[in-house]
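Okay, here's what each chain looks like letter by letter:
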Amino acid sequence: VPNKSTVGIVVKGLTIERLDIGGPAHTSSKLKPGDFILEVDGVPTTNHNIATLLVGSDKPGSAVSFTFAKGGPQGAVERITLTRMSSKDIQERKEMFEMFEKLKDLVEKYCKSEK
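Residue indices follow the written sequence of each chain, beginning from 1 at its first position. Reporting of local features is limited, given that this is a predicted model, to residues whose pLDDT is at least 70; pairs of side-chain atoms are given and counted only at 80 or more, and all residues count toward the totals for whole chains, interfaces and linings. Excluded from the side-chain calculation are hydrogens and water; included are all heavy atoms of the structure.

### With respect to the side chain of D20
Next up, step 1: With respect to the element layout, D20 can be found in the loop between β3 (15–19) and α1 (24–28).
Next up, step 2: Relative accessibility thresholds used throughout: buried, under 20% of the residue-type maximum; exposed, over 50%; partly exposed, between the two (1.4 Å probe, protein chains only). With a relative accessible area of 17%, D20 lands in the buried category.
Next up, step 3: Under this definition, polar contacts are N or O atom pairs within 3.5 Å; protein pairs additionally need one hydrogen-donor-capable and one acceptor-capable atom, and for neighbouring residues in sequence, both atoms have to be side-chain atoms. Reaching out from D20, the side chain makes a polar contact with the side chain of R18 at a distance of 2.5 Å.
Next up, step 4: Contacts are assigned to residue pairs with any non-hydrogen atoms lying within 4.5 Å of each other. Not counting residues within four places of it along the chain, the set of residues in contact with D20 comprises G8, V10, H26 and I90. Strands here mean DSSP runs of E at least two residues long; helices mean DSSP runs of H or I at least four residues long; both are numbered from the N terminus.

So this is what it looks like as structure tokens:
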């Protein structure tokens, strides 16, 4: 089974619906839910080609560039290049982020109970 890769973007149509925690798109802090993807690797996006363009070479470590409009199709146009990560690595990062969130919640509860 080949190692699948991703930048951690989930789209609905051409709009970013969510970013996978710990993925390249999330850690870039540039892309946000609601941003509208105009191009992937210089190719204009459509509802028909977006999935294929996001998969691209599907090699962890490969670069992918995005041209996107902030907050929707009429937003300011920006560009970013991300490096694909293996889907397995993103899942492991997500689990780590979730553990840190649980730990943070436990610490906050403990600190409140000590007052």
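### Some remarks on the side chain of N49
Next up, step 1: With respect to the helices and strands, the residue N49 is situated in the loop between β5 (43–44) and α2 (50–55).
Next up, step 2: Within polar-contact distance, the side chain of N49 engages the backbone nitrogen of T46 at 2.7 Å.
Next up, step 3: Discounting residues that sit within four places of it in the chain, N49 has contacts with V43 and P44.

### Concerning the pairing of strand β2 (residues 9–12)
Next up, step 1: Two strands qualify as a pair provided that DSSP identifies no fewer than 2 bridges between them. In this structure, β2 lies alongside β3, joined through four bridges in antiparallel fashion. By the bridge assignment for β3, V11 is matched with I16.
Next up, step 2: Connecting β2 to the next strand, β3, in antiparallel fashion are two residues, including G13 with a positive phi near 70°.

### Details of the pattern of salt bridges
Next up, step 1: A pair is scored as a salt bridge if a Lys or Arg side-chain nitrogen falls within 4 Å of a carboxyl oxygen belonging to Asp or Glu. The full count for this structure, using the stated rule, is four salt bridges.
Next up, step 2: The shortest N-O distance in the salt bridge between R18 and D20 comes to 2.5 Å.
Next up, step 3: Classification of R18 by relative accessible area gives partly exposed; the value is 42%.
Next up, step 4: The residue D35 makes a salt bridge to K70 at a minimum N-O spacing of 3.0 Å. You can see D35 sitting in the loop between α1 and β4 (36–40) and its partner K70 sitting in the loop between β6 (63–69) and β7 (77–83), a full 35 residues away along the chain.
Next up, step 5: Owing to a relative accessible area of 2%, D35 belongs among the buried residues under this scheme.

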